[in-house]
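Residue strings, one per chain:
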Amino acid sequence: MPDPTDHTPDSALARLAPTMALTGQQQALKAEVMAFCRAHRADDHALFIIEGDAGTGKSLLLNSLFTAIQDAARGRDAHDPLHGSRNWLLVNHPEMIKLYRNISETQPCLRKKDFERPTTFINQMHDRDGRADIVLVDEAHLLLTRSDPYNRFRQDNQLAEIIRHAHVVVIIFDAYQVLKFKSLWNDATLARLVAGYPVVTRRLDQQFRVHAHADVMAWIHALRDGRLLPLPAPQPFDFRIFDDAQAMYEAIRQHNARYGLCRMLATYDYPYTLNGQDHFITEGRFHLRWDRAMPQARLPWAERPDTIDEVGSVYTIQGFDLNYAGVILGPSVTYDPAADRIVIDPSRYEDRAAFTGRDGVDNPQVVMERIILNSINVLMTRGVRGLYIHASNPQLHTRLAALWKARALAPVGADACPDQTQMS
């Protein structure tokens, strides 16, 4: 577990910069992928899959890896198999691509044009019948698995098209971050795509983002499967249940003034439309605007100082670190007292676009519930120093309050934070 007293850089750019030191596991994996790329550059197709939960350093590894590949491609060693290679890093998340392009300004071997959206890359390669040598894909769980003319993707599967237009493909994948039917993956789908090609799969398992004891991650992982465990004992990681969303927001603002990168987040259970108007989340005396789409902004949402006055969604925060995250579990997240389990109500989920493209999917109700639980997993794994939670549903609200009270009455360990034994 990382030392929570470490002074982690307080910007997404610094945390993802290729100059950040890698762990021994990351360094070994980076060397393995570099060797794989050199060995298979001239092959018809080859695929390297890097799996890992949110916060295990996948994007940092990928950016460090891509920088090394481009350094070799544009370097002077003509005997290096990567010399002169044409390579791209693809990322589907509009906020993340801003970050990658901003980082490229600090590295002489990188160009902004090296970073592209998957659909743009596929369409450009299709139009010119082109082929890349090496393509790296961050957040490959966001790739489309069916045609989507609205987003200008007219083929059947984005990963299949990327593989078709590259010799070597390296992807980052986390099944617990799939957020749409149009991006629905399973092992069988992937196996069909890569049948007959050299394929290597590796997994990162060390948690870097959430500076907490293992029981905090165990609690979050249980919740993403619908189970509620007793709350972790007080520890340096600041984990609290809040009765009042406004009080939670005030605590987040205080931490933001001290540390920066502290934001409010919510499940997509509150109306929002792209009509140029402001939309608000109201929970009791809490009333704050949803995040606003600003594609022209140079900084991503999590980095902009003004967004302390907004509530972020899964689409603006996925892939980013925060110091403190205040998460509102909205009306779709309910509770069954008899089973003592989280119950997901997809009819209350406002992101209806996430549920389009259900044709041919077995058990769509189960998949809808999984998508919402995945979105909760994304929101709850953002905080480096702390995670605060407020539940909208009355029964879940009551159950979480009971868990909080039970923790407050339990013996306090020597490493507890003094302010965590008080009722929020």
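Everything discussed here concerns the structure shown above.
So, here's what we can say about the structure. Bear in mind the structure is a predicted one, so any value in this text is a computation, not a measurement.

### Here we look at the packing of helix 3 (residues 58-73) against helix 4 (residues 94-104)
Viewed as axis vectors pointing N to C, helix 3 and helix 4 meet at an angle of 40°, and their least axial separation amounts to 12 Å. The angle between helix 3 and helix 4 places the two elements in the oblique class. Note that helix 3 runs across helix 4; the crossing there is right-handed. Contacts between helix 3 and helix 4 involve Ser59, Leu62 and Asn63 from the former and Met96, Tyr100 and Ile103 from the latter. Class assignment of the residues belonging to the contact of helix 3 with helix 4 gives a composition of four nonpolar, two polar and no charged.

### Re the pattern of salt bridges
Any two side chains of opposite charge can pair, so long as their charged atoms come close to each other. A full pass over the atoms with the stated rule returns 24 salt bridges. Between Lys182 and Asp148 there is a salt bridge, with the nearest N and O atoms lying 3.1 Å from each other. A residue pair is termed long-range when its members are at least 10 positions apart, and Lys182 in the loop between strand 5 (166-173) and helix 7 (187-194) and Asp148 in the loop between strand 4 (132-138) and helix 6 (158-164) qualify at 34 residues. For Lys182, a relative accessible area of 13% gives the class buried. Here Asp321 ties to Arg209 by a salt bridge, and the two come within 2.6 Å at their closest N and O atoms.

### Focus on helix 9 (residues 245-259)
Over its 15 residues, helix 9 extends 21 Å from the first C-alpha to the last, a length consistent with the 21 Å expected when each residue adds 1.5 Å. Restricting attention to buried positions, one finds in helix 9 the residues Ala245, Gln246, Met248, Tyr249, Ala251, Ile252, His255, Asn256 and Tyr259. Tucked into the core, helix 9 has its buried residues touching strand 7 (238-241), strand 8 (262-266), strand 9 (280-283), strand 10 (286-290), strand 12 (322-329) and strand 15 (383-391). A positive backbone phi angle near 75° is found at Gly260, which sits one or two residues after helix 9.

### A closer look at the sheet that holds strand 5
Hydrogen bonding along the main chain pairs the strands of a sheet, whether they run parallel or antiparallel. Taken together, the six strands give an open sheet; going across it, the order is 3-2-4-5-1-6, and neighbouring strands pair in parallel fashion. Where the open sheet ends on each side, the last strands, each with one partner, are strand 3 (115-116) and strand 6 (199-204). Strand direction decides the pairing type here: strand 4 and strand 5, joined by five bridges, are parallel. If you follow Val137 over to strand 5, its bridge partner there is Ile171.

### Focus: the nonpolar core
Core analysis: the largest hydrophobic core is formed by 105 residues, its most contacted members being Val170 and Trp219. The leading source of residues in this core is helix 11 (residues 364-380), at nine residues. The residues contacting Trp219, other than those within four sequence positions of it, are Leu228, Leu229, Pro230, Leu231, Pro232, Phe239, Met380, Ile389 and Leu400. Leu90, Ala132, Ala166 and Trp185 belong to the second largest nonpolar core, which has 24 residues in total.

### A closer look at the packing of helix 2 (residues 24-40) against helix 3
Their axes nearest at 10 Å, the elements helix 2 and helix 3 cross at an angle of 40°. The angle between the axes of helix 2 and helix 3 places the two elements in the oblique class. Helix 2 and helix 3 meet at a crossing whose hand is right-handed. Across the interface between the two elements, Gln26, Leu29, Lys30, Val33, Met34, Cys37 and Arg38 from helix 2 touch Leu60, Leu61, Ser64, Leu65, Ala68, Ile69 and Ala72 from helix 3. Its residues placed into classes, the contact of helix 2 with helix 3 shows 10 nonpolar, two polar and two charged.

### Quick look at unusual backbone geometry
With a phi close to 65°, Arg152 is a non-glycine residue in the positive phi region. By the element assignment, Arg152 lies in the loop between strand 4 and helix 6.

### Thoughts on helix 12 (residues 394-409)
In this model helix 12 runs 23 Å from its N-terminal to its C-terminal C-alpha over 16 residues, within 8% of the 22 Å that 1.5 Å per residue would give. Those residues of helix 12 that fall on the buried side of the exposure criterion are Leu396, His397, Leu400, Leu403, Trp404 and Arg407. For helix 12, the angular spread of the buried residues around the axis is 130°, confining them to a single face. Helix 12 presents Pro394, Thr398, Lys405 and Leu409 as exposed residues on the side facing more than 90 degrees away from its buried surface. Considering only its buried residues, helix 12 is in contact with helix 8 (214-223), strand 7, strand 12, strand 13 (333-336), strand 14 (341-344) and strand 15.

Cut-offs applied
- Residues numbered from 1 in each chain as written.
- Predicted model: local features only at pLDDT ≥ 70, side-chain atom pairs only at ≥ 80, totals over all residues.
- Heavy atoms only, no water.
- Axes fitted to C-alpha atoms, helices over the stretch in contact; angles between N-to-C directions.
- Helix = DSSP H or I, 4+ residues; strand = E, 2+ residues; numbered from the N terminus.
- Parallel < 35°, antiparallel > 145°, perpendicular 65-115°, else oblique.
- Left-handed = near helix turned anticlockwise from the far one by under 90°.
- Contact = heavy atoms within 4.5 Å.
- Nonpolar A, V, L, I, M, F, W, Y, C, P; charged D, E, K, R; others polar.
- Salt bridge = Lys/Arg side-chain N within 4 Å of Asp/Glu carboxyl O.
- Buried < 20%, exposed > 50% of the residue type's maximum accessible area, 1.4 Å probe, protein only.
- Expected span 1.5 Å × (residues − 1).
- Pairing = 2+ DSSP bridges.
- Core = buried A, V, L, I, M, F, W, Y, C linked by side-chain atoms within 4.5 Å.
- Arc of directions from axis to C-beta.

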